[in-house]
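This is what each chain is made of:
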Amino acid sequence: QSGSPNSVRLVFLGAAGVGKSALIHRFLHDRFELKYTRTVEELHVLEYDMAGSGKMRLEILDTSGSYSFPAMRELCIRHSDAFALVYAVDDPGSFEEVRRLRDEILELRGGKSAPITVVGSKADLTEAEGRELLTSNVMAIVEGEWDANFVEASARTGGNTGGVFRALLQQVNLPHRLS
Ligand code: GDP
Ligand code: MG
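Described in the following lines is the structure provided in the data block. (Residues numbered from 1 in each chain as written. Chains lettered and ligands numbered in written order. Predicted model: local features only at pLDDT ≥ 70, side-chain atom pairs only at ≥ 80, totals over all residues.)

1. Quick notes on unusual backbone geometry
Then step 1. Its identity is not glycine, yet Asp 147 carries a phi of approximately 55 degrees, on the positive side.
Then step 2. Position of Asp 147 relative to the elements: it lies in the loop between helix 4 (135–145) and strand 6 (149–152).
Then step 3. Residue class for Asp 147 comes out exposed when judged on the 10 C-beta atoms lying within 10 Å of it. (Helix = DSSP H or I, 4+ residues; strand = E, 2+ residues; numbered from the N terminus. Buried ≥ 20, exposed ≤ 12 C-beta atoms within 10 Å, placed from the backbone.)

Written out as structure tokens, the structure reads:
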């Protein structure tokens, strides 16, 4: 887990191009841009006032998915308080990546469950615009089989991006951490 008791680290993982940076950017700056720079990883740090728990240091790790060293990836998985596993609703392959990531997280953390929120990104897309993954189908897997949190959101419209972070923070064991 991430260092000091009142600091919380959220790690965003998922295939390239699913909209991880866009979601984080929307949360931090309430803006949407068409292109985000591809960095290896970017750590955003902010002071966040959590209702009921007061101020905390919130760390948001935006990954690119391409780690040159497996050890880096392992470190990032071990040092996280909650995971956002992001896929795009128009990209079935990106949901398969979410499956792989979940397996990897469970294996590394040695448990049957982990603080995982699966995020269906680009929820603004209609079937005519390319949506292939239906909300109810994914929900059945994520909530029904995995017992993880599930949210859909759109960084483009801003729809439910707050819900992504609420779901993530809900999974962090705050009372225990805020000693
Ligand atoms: P990342 O590689 O996961 O960080 O993905 P980005 O955040 O860079 O997003 C990749 C591209 O997907 C962006 O350049 C946008 O054009 C598009 N995109 C991101 N979020 C959305 C969204 O909510 N709706 C739609 N329609 N497109 C999005
Ligand atoms: Mg990115």
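Following the structure, the description resumes.
2. Considerations on the site of ligand 1
Then step 1. Residues in contact with ligand 1 amount to 18 residues; listed here are only the nearest, Gly 19, Lys 20, Ser 21, Ala 22 and Arg 156.
Then step 2. Ranked by residues supplied to the shell around ligand 1, first place goes to helix 1 (residues 20–29) with three residues.
Then step 3. Partitioning the shell around ligand 1 into residue classes produces seven nonpolar, six polar and five charged. (Near = placed C-beta within 6 Å. Nonpolar A, V, L, I, M, F, W, Y, C, P; charged D, E, K, R; others polar.)

3. Overview of helix 3 (residues 92–109)
Then step 1. Across its 18 residues, helix 3 extends 26 Å between first and last C-alpha, which sits within 8% of the 26 Å expected from 1.5 Å per residue.
Then step 2. Those residues of helix 3 that sit buried are Ser 94, Phe 95, Val 98, Leu 101 and Ile 105. Buried residues along helix 3 cover an arc of 105 degrees about the axis, so they all sit on one side. In helix 3, those exposed residues whose orientation departs by more than 90 degrees from the buried face are Pro 92, Gly 93, Glu 96, Arg 100, Asp 103 and Glu 107.
Then step 3. Against the buried residues of helix 3 lie strand 1 (7–14), helix 2 (70–78), strand 4 (82–88), strand 5 (116–121) and helix 4.
Then step 4. Two residues or fewer after helix 3 comes Gly 110, characterised by a positive phi angle close to 55 degrees. (Expected span 1.5 Å × (residues − 1). Arc of directions from axis to C-beta. Contact = placed C-beta atoms within 7 Å.)

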